[in-house]
Amino acid sequence: MSGGLLVAGTTSDAGKSVVTAGICRWLVRQGVKVAPFKAQNMSLNSFVTKEGAEIGRAQAMQAQACRVEPTALMNPVLLKPGGEQSSQVVLMGKPVGEMSARGYHGGRQQKLLGTVLDCLAELRGTYDAVICEGAGSPAEINLRRTDIVNMGIARNAGLPVLVVGDIDRGGVFASFFGTVALLSEEDQKLVAGFLVNKFRGDVSLLEPGLDMLQGLTGRRTYGVLPFRHGLGIDEEDGLRVSMRGTVRESNTAPPLGEDVLRVAVCAVPLMSNFTDVDALAAEPGVVVRFVDRPEELADADLVIVPGTRGTVRALEWLHERGLAAALVTRAAEGRPILGICGGFQVLGEHIEDEVESRRGEVEGLGVLPVRVRFAREKTLTRPVGEALGERVEGYEIHHGVAAVTSGEPFLDGCRVGQTWGTHWHGSLESDGFRRAFLREVAAAAGRRFVPAPDTSFAALREEQLDRLGDLIEQHADTDALWRLIESGAPQGLPFIPPGAPA
């Protein structure tokens, strides 16, 4: 078997990432050697592979669903937004420069098609099946000419396409029909059918619509996946989503101690790797929320200043919102603060940036004895160390080089009182360290909170991936999916006018 499938979507956030992961986990449980692939990803949530390559966290999560080690082949092009108009282009895991959207879609993107197809071919030569994820919608008619992630990759690699629609948003039938009808005749030949995602209610009420959709398009629906809470793991895009008031989905188990622990995450612009707080949200009795006002820090037992693709812009935002002064006061009062990556840099004394913002010399909040200089070379590592008597693993993705002048060492950063700073992402996924850190926070906050002794973040992640596999196994036509992956799109699929504009 050397099969493949492209999971496309009617919109962004239709559920492509989790459906891809679910199909991958279902296949690997059938004994299939499978790998994920996304030709081009736009995300501020990224991961570092063992060989030191930066890829989207969604592809790292999908690799875990496949029970394989993630590599740069699985996400050859990563775009990291630096604002509304430009992104850093990461090619085969390494940054190659900043580019405007117009410049990228105006020529650079198409030049990467060869690299993308080579990566996909290498994966297909190694694995029994490769499950590819598209981006946005395949019917972006303004971008089709240079597309390398949706129908562009499907047509060049001969991949059948499954279109996912989020019925919870409404309008899913129109979205399915319109997606097909806006594709060229050659592209339509590869669109095999549909998958309904996030359905609530009685499926029998939906079936007449699915039958009519098949009558209109000649394409079947391969499954109706029910809505499930807590499956939005490793989201791709923190730029579009407003975090105002968002509460990270937490473990429903009650706290072991008498108190809960409240964690406030500053929703800085261009927030990156906000998945760092998922391990905290998994702890019984820990409530994680994203905030953007100083008064929302008042009842927080721990404040986290997370990573960002715009450290200087985040610093300005903290001042504009009044959060900077609140953080300085909080540090002086000995109330817990954790700065991660860009958040760590913000808490320092001085920033010299001629790379990211090109703003030159900028004063930080001055609560940690750290001076940061931005280097053109990006640090991409998977460090292992020890803190609070526990082994810690993490990963680093940053241009800023920190010179720590005093304080207590902490994960290659430092600690002063109850203010902690590190460049390490993912450190809170180390269970022993997370528990030790939460005990310190609870003591400093005067909370009678007790960390659960048996919470395993890795095990919880595996449970989530198995739930995704269960969704596919129980609610999709897996026999038909198998035929699609193995044999490609059915022959004789009808053309739906008007097709793509000339």
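Since the structure is predicted, the reported quantities are computational estimates derived from the model, not experimental observations.

Sheet strands pair via backbone hydrogen bonds, and the direction of the pair is either parallel or antiparallel. Strand order in the open sheet formed by four strands is β21-β20-β22-β25, and the pairing between neighbours is mixed. Both edges of this open sheet fall to β21 (360-363) and β25 (396-404), since each of them pairs with a single strand only. On average, adjacent strands in this sheet sit at an angle of 35 degrees to one another, irrespective of strand direction. The sheet contact formed by strand β20 (residues 350-353) and β21 spans four bridges and is antiparallel. Bridging from a neighbouring strand, His350 pairs with Glu363 of β21. Most of the contacts of helix α10 (residues 311-321) go to β20, to which it runs at about 135 degrees, and overall it touches β20, β21 and β22 (370-381).

Here we come to a negative patch on the surface. There is a patch of like negative charges on the surface, built from Glu349, Glu352, Glu354, Glu361 and Glu363. As for its placement among the helices and strands, Glu361 is situated in strand β21.

Here we take up the sheet that holds strand β12 (residues 220-226). Taken in spatial order, the six strands line up as β2-β9-β1-β10-β11-β12 in an open sheet, and their pairing is parallel. Taken across any chain shown, the strands that pair with only one partner, and hence form the sheet edges, are β2 (34-37) and β12. On average, each strand axis in the sheet is tilted by 20 degrees relative to the strand beside it, whichever way the strands run. Sheet topology note: the strand β11 (residues 191-199)/β12 ladder contains four bridges and is parallel. Within β12, the residue paired with Phe199 across the bridge is Pro226. Lying on the sheet, helix α2 (residues 57-66) is in contact with β2 and β9 (129-133); it crosses β2 at an angle near 170 degrees. Its contacts with the sheet put helix α15 (residues 478-487) on β1 (3-9), β9, β10 (161-166), β11 and β12, and the angle it makes with β1 is roughly 110 degrees.

Taken over all residues, the pLDDT of the chain has a mean of 92, while the share at 70 or more is 94%. Below a pLDDT of 50 lies the segment residues 238-244, which in the model reaches 15 contacts outside its immediate sequence neighbourhood of four places, other chains included.

Let us now look at the nonpolar core. As a rule of thumb, nonpolar side chains are buried together in soluble globular proteins. Leu280, Ile304, Leu318 and Leu338 are the most contacted members of the largest nonpolar core, which totals 64 residues. What Ile304 contacts, discounting residues up to four positions off in sequence, is Val263, Ala264, Val265, Cys266, Val277, Leu280, Leu338 and Ile340. Judged by nonpolar contacts, the second largest core, of 48 residues, contains Met151, Leu159, Val172 and Leu213.

Okay, the side chain of Asp259 next. Along the chain, Asp259 turns up in the loop between β13 (247-248) and β14 (261-266). Within the buried set, Asp259 has no salt-bridge partner at all; the shortest N-O distance to an opposite charge, 4.0 Å, is to Arg448. One polar contact links the side chain of Asp259 to the main-chain amide nitrogen of Arg448, over a distance of 2.8 Å. Once residues lying within four places of it in the same chain are set aside, the contact partners of Asp259 are Gly446, Arg447, Arg448 and Phe449.

Applying the stated criterion across every chain yields a total of zero disulfides. Of all cysteine sulfurs in the structure, the one in Cys414 sits closest to Cys341, which takes part in no disulfide; the separation is 14 Å.

Counted under the stated rule, the structure contains 31 salt bridges. A salt bridge links Glu258 to Arg448, with the nearest nitrogen and oxygen atoms 3.2 Å apart. Taken as a pair, Glu258 in the loop between β13 and β14 and Arg448 in the loop between α13 (431-445) and α14 (457-475) lie far apart in primary sequence, 190 residues in all. By the burial criterion, Glu258 is exposed, and Arg448 matches it. Between Asp431 and Arg434 there is a salt bridge, with its nearest N and O atoms 2.9 Å apart. Here the residue Asp431 and the residue Arg434 both occupy positions in helix α13, the gap between them amounting to three residues, near one helical turn. Arg434 shares its class with Asp431; the two are buried. Each member of the salt-bridge network shares a partner with another, and the members are Arg25, Arg29, Glu462, Asp466, Asp470 and Glu473.

What follows concerns α10. Every buried residue of α10 is accounted for by Thr311, Val312, Ala314, Leu315, Trp317 and Leu318. Once α10 ends, the next one or two residues include Gly322, with phi positive near 85 degrees.

Looking now at the environment of Ile141. By secondary structure assignment, the location of Ile141 is in the loop between β9 and α5 (151-157). Assessed through its relative accessible area of 43%, Ile141 is described here as partly exposed. Sequence separation between Ile141 and Phe173 is 32 residues, and the spatial gap between their C-alpha atoms is 19 Å. With near-sequence residues (within four places) excluded, Ile141 lies in contact with Leu182 and Pro501.

Inspection of every chain in the model, using the stated rule, returns eight aromatic pairs. Aromatic pair Phe176 and Phe194: ring centres 4.6 Å apart, planes at 35 degrees, arrangement tilted. Highlighted residues: Phe176 in helix α6 (residues 172-181) and Phe194 in strand β11, separated in sequence by 18 residues. The class for Phe176 is buried, based on a relative accessible area of 0%. Judged by relative accessible area, which is 0%, Phe194 ranks as buried. Look at Phe274 and Phe290: their rings are 6.3 Å apart centre to centre, the planes differ by 90 degrees, and that puts the pair in the edge-to-face class. Residue Phe274 is found in the loop between β15 (271-272) and α9 (278-281), and its partner Phe290 is found in strand β16 (residues 286-291); the two are separated by 16 residues along the sequence. Each member of the pair, Phe274 as well as Phe290, is classed as buried.

Cut-offs and rules
- Residues numbered from 1 in each chain as written.
- Predicted model: local features only at pLDDT ≥ 70, side-chain atom pairs only at ≥ 80, totals over all residues.
- Heavy atoms only, no water.
- Pairing = 2+ DSSP bridges.
- Helix = DSSP H or I, 4+ residues; strand = E, 2+ residues; numbered from the N terminus.
- Axes fitted to C-alpha atoms, helices over the stretch in contact; angles between N-to-C directions.
- Contact = heavy atoms within 4.5 Å.
- Patch = residues over 30% accessible without salt bridge, like charges linked within 9 Å, V, L, I, M, F, W, Y side chains within 5 Å.
- Areas by Shrake-Rupley, 256 points an atom, 1.4 Å probe, with all protein chains shown as cover.
- Salt bridge = Lys/Arg side-chain N within 4 Å of Asp/Glu carboxyl O.
- Lys, Arg positive; Asp, Glu negative; His and termini not counted.
- Charge placed at Lys NZ, Arg CZ, Asp CG, Glu CD.
- pLDDT = per-residue confidence, 0-100.
- Core = buried A, V, L, I, M, F, W, Y, C linked by side-chain atoms within 4.5 Å.
- Buried < 20%, exposed > 50% of the residue type's maximum accessible area, 1.4 Å probe, protein only.
- Polar contact = N/O pair within 3.5 Å; in protein donor to acceptor, adjacent residues only side chain to side chain.
- Disulfide = S-S within 2.5 Å.
- Phe/Tyr/Trp six-rings, centres within 6.5 Å; stacked < 30°, edge-to-face > 60°.

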